[in-house]
Amino acid sequence: MSILFQNPAWSNLAQALLVVDAFICLLLCLDGHEMWRFFLGLVGLGLGAWGGVLAGAEINTYSPIWVTAIVGALIGCALFAGVVPLGTFLVSGCWVFVIALALTQTSRIDTETRLAICTISGALIGIAIIAMGKSGIIVLTSLGGGLGLLIDLYNLLQLNDISLGVFASLSPTEQTVVVLGAGFILGLIGMAIQFSTLRTANHKSKHLATPNDHECVGCEAQPASSSIRNVSPSKTPT
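Computed from a predicted structure; not experimentally measured.

Asks: Would you explain the packing of helix α4 (residues 84–103) against helix α5 (residues 111–132) in this entry?
Replies: The description of two helices packed together rests on the angle between their axes and the distance between the axes. Relative to each other, α4 and α5 sit at 140°, their axes nearing to 7 Å. Accordingly, the angle class assigned to the pair α4 and α5 is oblique. Seen from above, α4 lies across α5 with right-handed handedness. Contacts between α4 and α5 pair P85, T88, F89, S92, G93, V96, F97, A100 and L101 from the former with R114, L115, C118, T119, S121, G122, A123, I125, G126, I127, I129 and I130 from the latter. In the contact of α4 with α5, the residues fall into 13 nonpolar, seven polar and one charged.

What follows is the structure, given as structure tokens:
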């Protein structure tokens, strides 16, 4: 365990962040295509705040750092959530980059080549996700959410020094394979749920857009006077 996380305050903060992230990953895995713009806004908010803190410390102006952090957070949130293709490319590319780094962790490839492969993979997947549209978002969020959830749970176990029997006897490489495999299976389940939800929503929208069979298609409302039959006036007796 890292020396930093041996401090109870940092350990508690890390666990709280992991629990929040695990919950977000679960939502993304099961219903990511519906909350994708909201998720992009959260990512932009965090990255913008971080960039604002760094910029405020570098510029060293009279404005407090928290002011530059708020400004950066608002800009990042508006940029990621407002320009969805840009946010999708950056987030999906970073996700694939991190996953590729994890998968190649034990490879014998030199660091420069490994980073280049992971970067190119992230860029290509990011472009492919944008081209696929909503289906790409479902694939991305289900797999990314499933993997993220299992990785967060694994880190929580590590922080609390909890062992899970046979899993604890595995080597670090074997544990990584098990975690990624379980996350991939969970992602497939989430993908099936999301595509089923999307088909149901599309079916309902088509059903609402199509007139019912018992309705008269193309009939226009007739004026009330046209429905009254002309009745010849009765003759008054003379």
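Asks: Would you mind going over the packing of aromatic side chains with me for this structure?
Replies: Two descriptors summarise a pair of aromatic rings, namely the distance from one centre to the other and the angle between the planes of the rings. Scanning all chains against the criterion turns up three aromatic pairs. Look at F39 and W95: their rings are 5.7 Å apart centre to centre, the planes differ by 40°, and that puts the pair in the tilted class. Here W95 lies in helix α4 and F39 lies in helix α2 (residues 36–59), a separation of 56 residues in the sequence. Looking at F39, the relative accessible area reads 9%, which means it is buried. Taken together, the ring pairs in this structure connect W36, F39 and W95 into an aromatic cluster.

The rules behind each value
Residues numbered from 1 in each chain as written. Predicted model: local features only at pLDDT ≥ 70, side-chain atom pairs only at ≥ 80, totals over all residues. Heavy atoms only, no water. Axes fitted to C-alpha atoms, helices over the stretch in contact; angles between N-to-C directions. Helix = DSSP H or I, 4+ residues; strand = E, 2+ residues; numbered from the N terminus. Parallel < 35°, antiparallel > 145°, perpendicular 65-115°, else oblique. Left-handed = near helix turned anticlockwise from the far one by under 90°. Contact = heavy atoms within 4.5 Å. Nonpolar A, V, L, I, M, F, W, Y, C, P; charged D, E, K, R; others polar. Phe/Tyr/Trp six-rings, centres within 6.5 Å; stacked < 30°, edge-to-face > 60°. Buried < 20%, exposed > 50% of the residue type's maximum accessible area, 1.4 Å probe, protein only.

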